[in-house]
Amino acid sequence: MKLYNIKEHNEQVNFSQAMKQGLGRHQGLFFPMELPEFSLIEIDMLLEMDFINRSARILSAYIGDELPLERVLARVAAAFEFPVPVVPVSDDIAALELFYGPTLAFKDFGSRFMAQMLIEMDQGQLVTILTATSGDTGAAVAHAFYGLENVRVVILYPQGKISPLQEKLFCTLGDNIHTVAVEGDFDTCQMLIKQAFDDQELKQMLRLNSANSINISRLLAQVCYYFEAMAQLPQPARNQLVVSVPSGNFGDLTAGLLAKTMGLPVKRFIAATNANDTVPRFLNSGKWFPNPTIATLSNAMDVSQPNNWPRVEELFRRKNWQLDTLGYGCVNDKATANTMREMATIGYISEPHAAVAYRLLRDSLKPGEYGLFLSTAHPAKFQESVESILGRSLPLPPALAVRASLPLLSVRMPAQFDALRHLMLSLAK
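Residues numbered from 1 in each chain as written. Predicted model: local features only at pLDDT ≥ 70, side-chain atom pairs only at ≥ 80, totals over all residues. Heavy atoms only, no water.

**Student:** How should I be thinking about the overall build of the protein chain in this particular structure?
**Tutor:** Looking only at helices and strands, one finds 19 helices and 14 strands in the protein chain. Its C-alpha atoms give the protein chain a radius of gyration of 20 Å, within 12% of the compact-globule value 22 Å for 429 residues. In terms of overall dimensions, the protein chain has a C-alpha envelope of 60 × 50 × 45 Å along the principal axes. For the protein chain, the proportion of its 429 residues judged to be buried stands at 62%. Counting contacts in the protein chain only where the partners sit at least 6 residues apart, residues at least 24 apart contribute 75% of the total. As presented, the protein chain carries roughly 16,400 Å² of accessible surface, and 51% of it is formed by carbon and sulfur atoms. A distance of 2 Å separates the average location of the 38 positive side-chain charges in the protein chain from that of its 43 negative side-chain charges. (Helix = DSSP H or I, 4+ residues; strand = E, 2+ residues; numbered from the N terminus. Rg over C-alpha atoms; globule rule 2.2 N^0.38 Å. Buried < 20%, exposed > 50% of the residue type's maximum accessible area, 1.4 Å probe, protein only. Contact = heavy atoms within 4.5 Å. Areas by Shrake-Rupley, 256 points an atom, 1.4 Å probe, with all protein chains shown as cover. Lys, Arg positive; Asp, Glu negative; His and termini not counted. Charge placed at Lys NZ, Arg CZ, Asp CG, Glu CD.)

Structural data, given as structure tokens:
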């Protein structure tokens, strides 16, 4: 598969290089030159397959002849070792629960697939993974690469702006996992990451790679669970499916839209954000004007300058789709908390991110349509806020319980590139 840099179309690479490189020149995102599409008969055949075999075929359609199908299948089987259930919430709405992986969040899919692909394609060369997290990415990346030979991982996160249990999940590992609490917000962390990738000496000396959703391997892995969701739905629901995606950096929505380009019959998508509403305001006014990032209950979506949005625009341009067909909306903290209480009364315990997606789905669903929202993290990862809002205690799953009392191993760093550069070079000694 060939991919091109959205910012500089003459930079073209294969899948392996795009995965290892992360970003193109001028911080450009890589995007497939060809968008594979299955026929209706092929879609029906895919939906009859099990999750692992179907996912291997979907990913092989993008990877092409760089890797035989049987090798893709082996890596997918090693990466996707957990269930992906669709759980009914009401008569016409269901949740796609994506939190059964080792770090209890949807990020496990992309991170584990990327790790498997690097093992397959990198041939033992030392690589440094440099990434930023607003919560769940850090844990997923840390656990996916923990203990792997020839892989050094550096994770930046905004100090005091992720939940304590999110922090414990990835900042207590040590070994080849280095975690950095930055005195700033997530957008600041992303800016520092981009500066590092623009520093050619640093990039080449450390063989930098990014495991954020900007990495094409992570993004393509997420396409697979949209097909799995469809496969679990009855035929009437498949014909009128509306999908609401909690959106921060917009990688998850991009993956859903790619699934649609492959032929998955989703009627429409809803981009669901919190008070960090750059995209909803843009879709409403046509003006891109990011505000300063606001801390919210749904902290993993506290992103004012989503990195993946250029891919969404590129996809709509390539398919001649109109952006005004994309549903959107924002939900503030008060409405999020009220929605969590409403969901609890009908028997579904939700954390804030899924509640944002559910609220916008419920409010926009039309008669005859069937709604699916993505439940992207286990409620216990947000134990403090969920317990406070719902007035009930949540038991910790084993993956969290074993880390809750461990000491944090993070270092603190000012929001300055010189400080990051010094840290990165010190790790290389």
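**Student:** Teacher, can you tell me more about the side chain of Glu-97 here?
**Tutor:** Inspection of the secondary structure puts Glu-97 in strand E5 (residues 93-97). Among buried charged residues, Glu-97 stands out as having no salt bridge; its nearest opposite-charge side chain is Arg-392, 13 Å away. In this structure the side chain of Glu-97 is engaged in a polar contact, spanning 2.7 Å, whose partner is the side chain of Tyr-100. The contact partners of Glu-97, leaving out residues within four places of it in the chain, are Val-84, Pro-85, Val-87, Tyr-348 and Ser-375. (Salt bridge = Lys/Arg side-chain N within 4 Å of Asp/Glu carboxyl O. Polar contact = N/O pair within 3.5 Å; in protein donor to acceptor, adjacent residues only side chain to side chain.)

**Student:** How should I be thinking about the pairing of strand E10 (residues 241-246) in this particular structure?
**Tutor:** Successive residues of a regular strand alternate their side chains across the two faces of the sheet. Across the 6 residues of E10, 6 count as buried, placing the element largely inside the fold. Burial of the side chains of E10 extends over both faces: Leu-241, Val-243 and Val-245 are buried on one face and Val-242, Ser-244 and Pro-246 on the other. Of the strand pairs in this sheet, E10 and strand E11 (residues 266-273) are connected by 6 bridges, and their pairing is parallel. Bridging across to E11, Val-242 finds its partner in Arg-268. Where E10 lies against strand E13 (residues 370-375), 4 bridges are found, and the strand directions are parallel. Its bridge partner lying in E13, Leu-241 is registered against Tyr-370. (Pairing = 2+ DSSP bridges.)

**Student:** Would you mind going over the pattern of salt bridges with me for this structure?
**Tutor:** Opposite charge on two side chains allows them to pair when their charged atoms are near. Evaluated as defined, the whole model comprises 16 salt bridges. One salt bridge in this structure joins Arg-75 and Glu-120, with 2.7 Å as the shortest N-O distance. Residue Arg-75 is located in helix H4 (residues 69-79), and its partner Glu-120 is located in helix H5 (residues 107-121); the two are separated by 45 residues in the primary sequence. Residue Arg-75 is classed as buried on the basis of its relative accessible area, which comes to 16%. Between Glu-183 and Arg-412 there is a salt bridge whose closest N-O contact spans 3.6 Å. Here Arg-412 lies in strand E14 (residues 411-414) and Glu-183 lies in strand E8 (residues 177-183), a separation of 229 residues in the sequence. By sharing partners, the salt bridges in this structure join Glu-342, Arg-359, Arg-362 and Asp-363 into a single network.

**Student:** What is the right way to read the environment of Pro-290 from this model?
**Tutor:** Checked against the element boundaries, Pro-290 lands in the loop between helix H13 (278-285) and helix H14 (309-319). C-alpha of Pro-290 to C-alpha of Gln-21: the two residues are 269 residues apart in sequence and 27 Å apart in space. Among all residues touching Pro-290, those that are not within four sequence positions of it are Thr-278, Arg-281, Ser-304 and Gln-305.

**Student:** Would you take a moment to explain helix H15 (residues 333-345) for this structure?
**Tutor:** Residue pairs spaced three or four apart in an α-helix point in one direction, given the helix's 3.6 residues per turn. For H15, which comprises 13 residues, the first-to-last C-alpha distance of 19 Å matches the rise-based estimate of 18 Å (1.5 Å per residue) to within 8%. The complete set of buried residues in H15 reads Ala-335, Thr-336, Ala-337, Thr-339, Met-340, Met-343 and Ala-344. Buried residues belonging to H15 abut helix H16 (352-364), E13 and helix H17 (383-390). Its side-chain oxygen 3.3 Å from the backbone nitrogen of Lys-334, Asn-332 forms the N-cap of H15. Positioned one or two residues after H15, Gly-347 has a phi angle of 95 degrees, which is positive. (Expected span 1.5 Å × (residues − 1).)

**Student:** Even after reading the chapter, I still don't get the packing of helix H3 (residues 51-63) against helix H10 (residues 216-232), so can you show me in this structure?
**Tutor:** How two helices pack is summed up by the angle between their axes together with the distance between the axes. In the contact formed by H3 and H10, the axes pass within 9 Å of each other and the chain directions differ by 135 degrees. By the criterion of interaxial angle, the relationship of H3 to H10 is oblique. Note on packing geometry: the crossing formed by H3 with H10 is right-handed. Touching Phe-51, Arg-54, Ser-55, Ile-58, Leu-59 and Tyr-62 of H3 are Leu-220, Ala-221, Val-223, Cys-224, Tyr-225, Phe-227, Glu-228 and Ala-231, all from H10. Looking at the contact of H3 with H10, its residues break down into 11 nonpolar, 1 polar and 2 charged. (Axes fitted to C-alpha atoms, helices over the stretch in contact; angles between N-to-C directions. Parallel < 35°, antiparallel > 145°, perpendicular 65-115°, else oblique. Left-handed = near helix turned anticlockwise from the far one by under 90°. Nonpolar A, V, L, I, M, F, W, Y, C, P; charged D, E, K, R; others polar.)

**Student:** I'm lost on the sheet that holds E13 in this one. Help?
**Tutor:** Strand pairing within a sheet occurs via backbone hydrogen bonds; the two strands may be parallel or antiparallel. Overall, mixed pairing links the 6 strands, which are arranged E4-E5-E13-E10-E11-E12 in an open sheet. Two strands lie at the open edges of the sheet, namely strand E4 (86-90) and strand E12 (327-330), each paired on one side alone. Neighbouring strand axes in the sheet, compared pairwise and without regard to direction, differ in orientation by 25 degrees on average. Here helix H12 (residues 251-261) sits on the sheet and contacts E10, E11 and E13; the angle it forms with E11, its principal contact strand, is near 175 degrees.

**Student:** Would you mind going over the nonpolar core with me for this structure?
**Tutor:** Here is a general trend for soluble globular proteins: nonpolar side chains tend to be buried in one another's company. In this structure, Phe-15, Phe-80, Phe-113, Phe-145, Leu-156, Tyr-226 and Phe-227 are the most contacted members of the largest nonpolar core, which totals 126 residues. Broken down by element, this core gets its largest block of residues, 11 residues, from H10. Those residues in contact with Phe-15 that sit more than four places away from it in its chain are Met-1, Leu-3, Ile-63, Glu-66, Phe-113, Met-117, Met-121, Ile-216, Ser-217 and Leu-220. Listed in part, the 30 residues of the second largest apolar core include Ile-93, Ala-105, Val-331 and Leu-365. (Core = buried A, V, L, I, M, F, W, Y, C linked by side-chain atoms within 4.5 Å.)

**Student:** In this structure, what is going on with the packing of aromatic side chains? I would like to understand it.
**Tutor:** The relative placement of two aromatic rings is captured by the distance of their centres and the angle of their planes. Following the criterion strictly, the structure yields 18 aromatic pairs and no others. Both rings, one in Tyr-157 and one in Phe-170, keep their centres 5.4 Å apart while their planes meet at 80 degrees; by these two values the pair is edge-to-face. With Tyr-157 in strand E7 (residues 151-158) and Phe-170 in helix H7 (residues 164-170), this pair connects stretches of sequence that are 13 residues apart. For Tyr-157, a relative accessible area of 1% translates into the label buried. A relative accessible area of 0% places Phe-170 in the buried class. Members of the aromatic cluster, each reached through a chain of ring pairs, are Phe-51, Phe-80, Phe-82, Phe-109, Phe-113, Tyr-225, Tyr-226 and Phe-269. Seen from the ring of Trp-321, Lys-260 lies directly overhead, with NZ or CZ sitting 6.0 Å from the centre. (Phe/Tyr/Trp six-rings, centres within 6.5 Å; stacked < 30°, edge-to-face > 60°. Lys NZ or Arg CZ within 6 Å of the ring centre and 35° of its normal.)

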